[in-house]
Amino acid sequence: MPSDHKTGLRWSNWNLLLLVPLLMLVTPWFNMDEPRVFGMPFFYWYQFLFVPLGVLCVGLVYLKTKDEPVVTGKPDKLGVDDLDEGAN
């Protein structure tokens, strides 16, 4: 039975912060040897830098969006037993 309210995905401007860790996937930007940090080429330390940065971005988006409601509109009037139509 289709319902007339939205569920599931929701939008928040905080979600745009999730694009930052994806910048690590553009390898032509960091495919170089110099500058080196502690003898480690730029290619490697740049990727290691993005690990905590990605965790920070995902954690921040989670904290800022966790209390937003998922369901908008009318509440669902179906009970759990109503969903098991073929069980009878």
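The structure displayed is predicted, hence computed values, not measured ones.

## Topic: the overall build of the chain
Summing up its helical and strand segments, the chain has 1 helix and 0 strands in all. Taken across its 88 residues, the chain has 12% of its residues classed as buried. Put simply, 67% of the contacts in the chain that link residues at least 6 apart link residues at least 24 apart. As displayed, the chain has an accessible area near 7,500 Å², and 66% of this comes from carbon and sulfur atoms.

## Let's talk about the packing of aromatic side chains
All told, the structure shown has 4 aromatic pairs when counted by the stated rule. Look at Phe42 and Trp45: their rings are 4.9 Å apart centre to centre, the planes differ by 90°, and that puts the pair in the edge-to-face class. A residue pair is termed a helical-turn pair when its members lie 3 or 4 positions apart in one helix, as Phe42 and Trp45 do in helix α1 (residues 42–65) at 3 residues. Overall, the relative accessible area of 12% leaves Phe42 in the buried class. Accessibility expressed as a relative area gives 23% for Trp45, which makes it partly exposed. Arranged with centres 5.3 Å apart and planes meeting at 85°, the rings of Phe43 and Tyr44 form a pair that is edge-to-face. Judged by its relative accessible area of 45%, Tyr44 falls in the partly exposed class. The rings of Phe42, Trp45, Tyr46 and Phe50 are connected pair by pair, giving a single aromatic cluster.

## Focus: the pattern of salt bridges
The tally for this structure, following the rule as stated, stands at 2 salt bridges. Put simply, Asp33 and Arg36 hold a salt bridge, and the shortest N to O gap is 2.8 Å. Overall, the relative accessible area of 40% leaves Arg36 in the partly exposed class. Of the charged contacts, one joins Glu34 and Arg36 as a salt bridge, the two residues approaching to 3.8 Å between their closest N and O atoms. Looking at Glu34, the relative accessible area reads 48%, which means it is partly exposed. One network of salt bridges, in which partners are shared, links Asp33, Glu34 and Arg36.

## Things to note about the UniProt feature "transmembrane region" (unreviewed entry) in the chain
The feature "transmembrane region" (unreviewed entry), as given by UniProt, occupies residues 12–30 and 42–63 in the numbering adopted here. Along residues 12–30 the backbone is 0% helical and 0% strand, and the end-to-end C-alpha distance reaches 30 Å. Between the end C-alpha atoms of residues 42–63 the distance is 32 Å, and the span holds 100% helix and 0% strand.

## A word on a nonpolar patch on the surface
Residues Trp11, Leu16, Leu19, Leu22 and Leu25 make up a contiguous nonpolar surface patch of roughly 570 Å² in combined accessible area. Relative to the elements of secondary structure, Trp11 occurs in the segment before α1.

Rules used throughout
- Residues numbered from 1 in each chain as written.
- Predicted model: local features only at pLDDT ≥ 70, side-chain atom pairs only at ≥ 80, totals over all residues.
- Heavy atoms only, no water.
- Helix = DSSP H or I, 4+ residues; strand = E, 2+ residues; numbered from the N terminus.
- Buried < 20%, exposed > 50% of the residue type's maximum accessible area, 1.4 Å probe, protein only.
- Contact = heavy atoms within 4.5 Å.
- Areas by Shrake-Rupley, 256 points an atom, 1.4 Å probe, with all protein chains shown as cover.
- Phe/Tyr/Trp six-rings, centres within 6.5 Å; stacked < 30°, edge-to-face > 60°.
- Salt bridge = Lys/Arg side-chain N within 4 Å of Asp/Glu carboxyl O.
- UniProt positions renumbered as here; feature names shortened; annotations may be inferred.
- Patch = residues over 30% accessible without salt bridge, like charges linked within 9 Å, V, L, I, M, F, W, Y side chains within 5 Å.

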